[in-house]
Amino acid sequence: MNLTIIGAGFVGLVTAAVFADFKNQVWVVDNDKDKIKKLSSGKIPFYEPGLEKLIVKNFKSDRLKFTTDYSQAIPNAEIIFICVGTPNKDGEIDLGYIKASTKSVAQNLKRPVIVVIKSTVPPGINKELEKWMKKYTQVSFDMASVPEFLSEGRAIENTLRSYRVVIGAEKKSVVEKLLKLHHPISGERLICNSTTAQMIKYAANTFLPTKISFANAIAILCDQFGADVKKVMLGVGMDKRIGPDFLGAGVGYGGSCFPKDVAALIKLAQKVNYNFKILKAVEQTNQEQINYFVQKVIRLCDGSVKDKILVILGLAFKPGTSDMREASSIYIIKALKKKGAKLRVCDPVAIPTAKKIISGVKFFTNPYKALKRAEVLVLVTEWKEYQKLNFKKIKKLMKRPIVVDGRNVYNQKQLEKLGFIYEGIGR
Ligand code: UGA
């Protein structure tokens, strides 16, 4: 099929690369000239395992093309995917990019198409968007919603082997065409109307952080009662009705999705006079978790981190990405810096991103270099390389052997045997 993807961000590029690989002809449109130029020379603007390779492969075989020009990419399209950002603006969902891109699409339509909204948008918005687009075109089009469920760092794998494909559309012919396009992707199919599809995305993206905040709250109790939250959640997750995923206690959730979507659903609920108390508590628990962790670090430093060298391992909001949007590391660093700590921060891929948003710290890519004469190792992002560190070597490097494990990944007994003072979260 001839497809056009609007928005060369994370969702847009993954969607484009995967569909091009299924032998569709794909155009990607983005207003950012620099980005399009880089993409056309085979460079992607962020780190995502496997994506660059897939893009280059399909670009070379002429199935994937990039442009800033809507008039080049729209006229022949059979399906157009809107994958632009819907950022938070003062707690409200900013539909600016959605409005601008759908207007440009409408102005360039030459034949009937399906316009699929992939961006996370307020449920029920398709009717409004349809009216909006009709102002700019006489050509007929159908609207649909196919929400995105992929996670950063595992995007290709998530897309190819997804849990489900949700197709929200009002017309049977649209559903059939979208089912055909998604045929090579595994996972269950759920067909519903577009409003329901959009609500599924919000419900999923707020339920997962609810699980995380719940685990974090239980972890605080585990610290007090002397239980091990890892085992507790393992036991809880063995119940199939609950499931084992997203019960990992730690320094809280971050990223470009969960914090934004939790805040957005609270606001959307307010608009229809519903006080979404559960989500307010999820948000608050997540914010307080940072403080809980920082206090733990300070306590382990005998009550003060002033002028002490602390090493933060991991800056990205999770492993496998260079993304630092709403990363817990930012807030932890800010709080520790305020208390006078001398910070060395380390990440395998996020240092260039970090340099743009963090100042007053020393940047490292090699953890061993960072740990020389340090007093505390603070694990914030559980990169594989940080899970497999040589602690015998580290013991010799550090001035004081304190490890604060914000992701509960280290073996407490082994570290204590080596002479480290160890604390995780809820262990
Ligand atoms: C999330 C969802 O998982 C995807 O399904 C969704 O498509 C995506 O948002 C989106 O809306 O685009 P993502 O933000 O990439 O994906 O990252 P996750 O893997 O969900 O992790 C989010 C945060 O939760 C990370 O900071 C992670 O460290 C934290 N987390 C995750 C925990 O603290 N504990 C856990 O057990 C799991």
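Residues numbered from 1 in each chain as written. Predicted model: local features only at pLDDT ≥ 70, side-chain atom pairs only at ≥ 80, totals over all residues. Heavy atoms only, no water.

Give me the lowdown on the overall build of the protein, citing residues and values where you can.
Of the regular secondary structure elements, the protein holds 18 helices and 16 strands. What you see for the protein is a C-alpha radius of gyration of 23 Å, in line with the 22 Å of a compact globule of 427 residues. Overall size of the protein, expressed as C-alpha extent along the three principal axes, is 70 × 50 × 35 Å. Buried positions account for 52% of the 427 residues belonging to the protein. For the protein, the share of sequence-separated contacts (at least 6 apart) that also reach a separation of at least 24 residues comes to 71%. Just so you have it, the protein exposes about 20500 Å², and 54% of that area is on carbon and sulfur atoms. In the protein, 70 side chains carry a positive charge and 39 a negative one; their mean positions are 4 Å apart. (Helix = DSSP H or I, 4+ residues; strand = E, 2+ residues; numbered from the N terminus. Rg over C-alpha atoms; globule rule 2.2 N^0.38 Å. Buried < 20%, exposed > 50% of the residue type's maximum accessible area, 1.4 Å probe, protein only. Contact = heavy atoms within 4.5 Å. Areas by Shrake-Rupley, 256 points an atom, 1.4 Å probe, with all protein chains shown as cover. Lys, Arg positive; Asp, Glu negative; His and termini not counted. Charge placed at Lys NZ, Arg CZ, Asp CG, Glu CD.)

Would you mind going over the environment of valine 380 in detail, with residue names and values included?
Here valine 380 is to be found in the loop between strand E14 (376–379) and helix H16 (384–387). Distance from valine 380 to glycine 248, taken between C-alpha atoms, is 13 Å for residues 132 residues apart in sequence. Once residues lying within four places of it in the same chain are set aside, the contact partners of valine 380 are Val251, Phe293, Ile312, Leu313, Gly314, Ser329, Ile332 and Arg407.

I'd like to hear about the site of the ligand, residue by residue, with values.
Neighbouring residues of the ligand: 20 residues in total, closest Phe149, Leu150, Glu152, Lys201 and Asn205. In this structure, lysine 318 approaches the ligand through a side-chain N or O atom, which is 2.9 Å from an oxygen atom. Here the ligand, which alone exposes 730 Å², has 90% of that area covered by the protein. The element that contributes the greatest number of residues to the shell around the ligand is helix H9 (residues 194–225), accounting for 3 residues. When its residues are assigned to classes, the shell around the ligand shows 9 nonpolar, 5 polar and 6 charged. (Near = heavy atom within 4 Å. Polar contact = N/O pair within 3.5 Å; in protein donor to acceptor, adjacent residues only side chain to side chain. Nonpolar A, V, L, I, M, F, W, Y, C, P; charged D, E, K, R; others polar.)

Give me the lowdown on the pattern of salt bridges, citing residues and values where you can.
Inspection of the entire model under this criterion finds 22 salt bridges. Residue glutamate 176 is joined to lysine 172 by a salt bridge in which the shortest nitrogen-to-oxygen separation is 3.9 Å. One end of the pair, glutamate 176, and the other, lysine 172, are both in helix H8 (residues 172–181), 4 residues apart, so they sit about a helical turn from each other. The class of lysine 172 is exposed, set by a relative accessible area of 65%. Ionic pairing is found between aspartate 302 and arginine 400, a salt bridge with its closest N-O pair at 3.3 Å. Of this pair, aspartate 302 sits in the loop between helix H12 (277–300) and strand E11 (309–313) while arginine 400 sits in the loop between helix H17 (391–397) and strand E15 (402–405), placing them 98 residues apart in sequence. The class of aspartate 302 is exposed, set by a relative accessible area of 61%. Salt bridges sharing partners connect three or more residues here, namely Asp223, Lys296, Arg299 and Glu423. (Salt bridge = Lys/Arg side-chain N within 4 Å of Asp/Glu carboxyl O.)

Before we move on, could you go through the nonpolar core and cite the residues and values that matter?
Grouped together as the largest cluster of nonpolar side chains are 62 residues, with contacts concentrated most on Ile312, Leu336, Leu377 and Tyr410. Take this core: its biggest share by element is 6 residues, from H12. In contact with leucine 336, other than residues within four places in its own chain, are Val294, Val297, Ile298, Val305, Leu310, Ile312, Ala341 and Leu343. Judged by nonpolar contacts, the second largest core, of 39 residues, contains Ala8, Val14, Ala16 and Val26. (Core = buried A, V, L, I, M, F, W, Y, C linked by side-chain atoms within 4.5 Å.)

Explain the pairing of strand E8 (residues 141–145) to me, and be specific about the residues and the numbers.
When you tally the buried positions in E8, you get 4 out of 5 residues, the bulk of the element. Taken together, the 5 bridges between strand E7 (residues 113–117) and E8 define a ladder with parallel strand orientation. Bridging across to E8, valine 115 finds its partner in methionine 143. Where the polypeptide runs from E7 across helix H6 (residues 125–134) and back to E8, its parallel neighbour, the crossover connection is right-handed. (Pairing = 2+ DSSP bridges. Right-handed = clockwise from strand over helix to strand, strands pointing away.)

If you had to explain the state of the cysteines to someone new, which residues and values would you point to?
As used here, a disulfide is simply a covalent bond connecting the sulfur atoms of two cysteines. Evaluated as defined, the whole model comprises 0 disulfides. No disulfide involves cysteine 83; its sulfur sits 13 Å from the nearest other cysteine sulfur, which is in cysteine 257. Since its relative accessible area comes to 8%, cysteine 83 is described here as buried. Between cysteine 346, a free cysteine, and cysteine 301, which holds the nearest cysteine sulfur, the sulfur-to-sulfur gap is 18 Å. (Disulfide = S-S within 2.5 Å.)

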